Amino acid sequence: MEEELAVVKKEVIDAVTMKRALTRITYEIIERNKGIEDLVLIGIKTRGIYIAQRIAQRLKQLENVEVPVGELDITGYRDDQKNDGTVAKLSNIPVALEGKEVILLDDVLYTGRTIRAALDAVMDYGRPRRISLAVLVDRGHRELPIRADFVGKNIPTSKSEEIVVEMEELDGNDRILIDQLEDGNE
């Protein structure tokens, strides 16, 4: 007899809490960089781009400065996926990164493999003065020695759980869910 597995979705962060987390990250970026001169935000496709755009909007409101926002596709840099040797050129980095303060933005930090790939990709665009990492959610379970400099929310999870970030731009609303596989025969 085959067991049925059901996915149970539980909302852990609503739209208001997500907005607060992004605002807190924005203030931390201003404080740690002692301003925002030479700052470039680079969002990792897909949801990292929207996070970067939102933080850039908030920086403009707070500091009255337009911060360049880039889009980074790391598909061709992944070490855990089959690659035919060609690097996808779906990234859009609007400024030279040489000597800049780059902040990589992503929705969820998990094993660290996406960030390792992003670091390799960024270096193909120049040598920034410093690269920092901002994530909306850090869920733990690192496989590589990578940590975020700016974290919206730490959400400890088991490996059987999945964090799902929904954003208005793609999903029609802002929230963060935990998907848990459960045995349907209980």
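See the structure above.
Residues numbered from 1 in each chain as written. Predicted model: local features only at pLDDT ≥ 70, side-chain atom pairs only at ≥ 80, totals over all residues. Heavy atoms only, no water.

A. Representation of helix α2 (residues 47-63) in the model. For α2, with 17 residues, the first-to-last C-alpha span of 24 Å sits near the 24 Å given by 1.5 Å per residue. The complete set of buried residues in α2 reads Gly48, Ile49, Tyr50, Ile51, Ala52, Arg54, Ile55, Ala56 and Leu59. In the core, the buried residues of α2 are packed alongside α1 (15-32), β2 (39-44), β3 (69-72), β4 (101-109), β5 (130-138) and α4 (168-171). (Helix = DSSP H or I, 4+ residues; strand = E, 2+ residues; numbered from the N terminus. Expected span 1.5 Å × (residues − 1). Buried < 20%, exposed > 50% of the residue type's maximum accessible area, 1.4 Å probe, protein only. Contact = heavy atoms within 4.5 Å.)

B. View of the pattern of salt bridges. A full pass over the atoms with the stated rule returns 16 salt bridges. Where aspartate 174 meets arginine 54, a salt bridge forms, and the shortest distance between an N and an O atom there is 2.9 Å. Placement of the pair is aspartate 174 in the loop between α4 and β8 (175-183) and arginine 54 in helix α2, with a sequence separation of 120 residues. Aspartate 174 gets classed as buried once you look at its relative accessible area, which sits at 17%. Classification of arginine 54 as buried rests on a relative accessible area of 17%. (Salt bridge = Lys/Arg side-chain N within 4 Å of Asp/Glu carboxyl O.)

C. Just the packing of aromatic side chains, in detail. One pass over the structure, following the stated rule, counts zero aromatic pairs. Stacked on the ring of tyrosine 110, the Lys or Arg arginine 139 has its end atom at 3.9 Å from the ring centre. (Phe/Tyr/Trp six-rings, centres within 6.5 Å; stacked < 30°, edge-to-face > 60°. Lys NZ or Arg CZ within 6 Å of the ring centre and 35° of its normal.)

D. Highlighting the environment of leucine 170. Looking at where leucine 170 falls in the secondary structure, it is placed in helix α4. For leucine 170 and tyrosine 50, which are 120 residues apart along the polypeptide, the C-alpha to C-alpha distance reads 9.1 Å. Those residues in contact with leucine 170, other than ones at most four positions away along the chain, are Thr46, Arg47 and Tyr50.

E. Highlighting unusual backbone geometry. With an omega dihedral of 10°, the bond running from lysine 45 to threonine 46 counts as a cis peptide bond. Counting through the fold element by element, threonine 46 comes out in the loop between β2 and α2. Its identity as a non-glycine residue notwithstanding, aspartate 38 has a phi of 60°, on the positive side. In this fold, aspartate 38 is placed in the loop between α1 and β2. One non-glycine residue, histidine 141, lies in the positive phi region at around 70°. With respect to the secondary-structure elements, histidine 141 resides in the loop between β5 and β6 (150-154).

F. Main features of the environment of arginine 139. Turning to its location among the elements, arginine 139 is positioned in the loop between β5 and β6. Not counting residues within four places of it along the chain, the set of residues in contact with arginine 139 comprises Val108, Leu109, Tyr110, Ile155, Pro156, Thr157, Ser158, Lys159, Glu161, Glu162 and Ile163. From its side chain, arginine 139 meets the backbone oxygen of glutamate 161 in a polar contact 2.8 Å long. (Polar contact = N/O pair within 3.5 Å; in protein donor to acceptor, adjacent residues only side chain to side chain.)

G. Spatial organisation of the side chain of arginine 54. Only 2.9 Å separates the side chain of arginine 54 from the side chain of aspartate 174, close enough to count as a polar contact. Residues in contact with arginine 54, not counting those within four places in the same chain, are Met18, Leu22, Met167, Glu168, Glu169 and Asp174.

H. How the structure looks around the packing of α1 against α2. One way to put it is that α1 packs onto α2 with a least axis distance of 10 Å and a crossing angle of 60°. As summarised for this structure, α1 and α2 are arranged oblique, according to the angle between their axes. At the point where α1 passes α2, the crossing takes the right-handed sense. Here Met18, Leu22, Thr23, Ile25, Thr26, Tyr27, Ile29 and Ile30 of α1 lie close against α2, whose contacting residues are Ile51, Arg54, Ile55, Arg58, Leu59, Leu62 and Glu63. (Axes fitted to C-alpha atoms, helices over the stretch in contact; angles between N-to-C directions. Parallel < 35°, antiparallel > 145°, perpendicular 65-115°, else oblique. Left-handed = near helix turned anticlockwise from the far one by under 90°.)

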